[in-house]
Amino acid sequence: MLHSLRVLLVLLLIQLQSSFESTKGSSVDDGEWAVDFSMGDEGECNIEIRDVNSITYTEFIKEYAYTKPVILRGLTDNSNFRFLCSKSNLLKEYGEKTVRLSTANTHSYNKVDVQFEEFVKFLLTPQSEDALGSGFGVYTHFIKNTTSATGPGTGVPFHWHGPGFSEVIYGRKRWFLYPPDQAPEFQPNHTTLSWVSFSYPNLELHQMPVECTIRPGEVLYFPDRWWHATLNLDTSVFISTFLG
């Protein structure tokens, strides 16, 4: 009888420890940014994915730098930065600071200033399909203009500029890209979500974009003057670095 109780107690302790570790891991994984709503359709991925240990600098320059996008894995261990970008840490550090929200349309980036805490608590919400890009509260930059936080369904519509890198810290970000000589058809004052919902399903084969959904730990590189649009499938925190 005593032996059976000891076995039962050990099993109970193991179960409690497993439950604790599962909860702990879940909290770390989403950085407290997870919400009830997220978008399930990640689409296809037709962009090459390379492990950083399998590609040399010379190979990157020759095959990707000037010709096509690539997704890189294993560049750095960003565990510390992920911790700093958790919801509670950012609110603690930047909650009372003013951040600038910018709209998501192509030809007119209207802006409004609010406290970061107000943005997170009241404006970081899912975007509807019929919302125009002129609505406020869908996009914000902080930490020296390199890191952004956005709600599900938000994103930047098609535009182009110099080459750049984008890394997701939390959430998932879906990318759509076209080479410089293949300008996509889109309404400049409509959101990416609207384009994905109403235009994307009707594209012919030759009109389909280069696309993929990137997750934490993945870095997307795109060359100079490539058209690109993004759609955040979850509440997302990410870094973008532009080279020109």
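Please refer to the structure higher up on the page.
Presented here is an overview of the structure given in this document. (Residues numbered from 1 in each chain as written. Predicted model: local features only at pLDDT ≥ 70, side-chain atom pairs only at ≥ 80, totals over all residues. Heavy atoms only, no water.)

So, helix α2 (residues 57-65)
1) Next: Taken together, the buried positions of α2 are Phe60, Tyr64 and Ala65. One side of α2 holds all its buried residues, which, seen down the axis, span an arc of 75 degrees. The exposed set on the far side of α2, more than 90 degrees from its buried face, consists of Thr58 and Lys62.
2) Next: Against β1 (49-51), β2 (70-73), β7 (164-170) and β10 (218-222) lie the buried residues of α2. (Buried < 20%, exposed > 50% of the residue type's maximum accessible area, 1.4 Å probe, protein only. Helix = DSSP H or I, 4+ residues; strand = E, 2+ residues; numbered from the N terminus. Arc of directions from axis to C-beta. Contact = heavy atoms within 4.5 Å.)

Thoughts on the packing of aromatic side chains
1) Next: Per the stated rule, a full pass over the model turns up 12 aromatic pairs.
2) Next: Measuring from ring centre to ring centre gives 5.0 Å for Phe165 and Tyr221, while their planes differ by 50 degrees; the resulting arrangement is tilted. Placement of Phe165 in strand β7 and of Tyr221 in strand β10 is noted, with a sequence separation of 56 residues between them.
3) Next: Relative accessible area serves as the criterion here: at 25%, Phe165 is assigned to the partly exposed category.
4) Next: For Tyr221, a relative accessible area of 4% translates into the label buried.
5) Next: Every member of this aromatic cluster is reached through a ring pair, and the members are Phe158, Phe176, Tyr178, Phe186, Trp195, Tyr200 and Trp227.
6) Next: Between Lys173 and the ring centre of Phe238, over which it is positioned, the NZ or CZ distance is 3.6 Å.
7) Next: We note Arg174 situated over the ring of Tyr200; from NZ or CZ to the ring centre the distance is 5.3 Å. (Phe/Tyr/Trp six-rings, centres within 6.5 Å; stacked < 30°, edge-to-face > 60°. Lys NZ or Arg CZ within 6 Å of the ring centre and 35° of its normal.)

Quick word on unusual backbone geometry
1) Next: In the Ramachandran plot, Glu32 falls in the positive-phi region, its phi being about 70 degrees despite a non-glycine side chain.
2) Next: Among the structural elements, Glu32 can be located in the loop between α1 (2-30) and β1.
3) Next: The phi angle at Arg225 is positive, at roughly 65 degrees, despite the residue not being glycine.
4) Next: With respect to the element layout, Arg225 can be found in the loop between β10 and β11 (227-232).

As for the state of the cysteines
1) Next: A complete count under the given rule lists one disulfide for this structure.
2) Next: Between Cys45 and Cys212 runs a disulfide, and the two sulfur atoms are separated by 2.0 Å. Negative torsions about the S-S bond denote left-handed disulfides, and the value of about -95 degrees found for Cys45 with Cys212 makes this one left-handed. Residue Cys45 is located in the loop between α1 and β1, and its partner Cys212 is located in strand β9 (residues 210-214); the two are separated by 167 residues in the primary sequence.
3) Next: Judged by its relative accessible area of 5%, Cys212 falls in the buried class. (Disulfide = S-S within 2.5 Å.)

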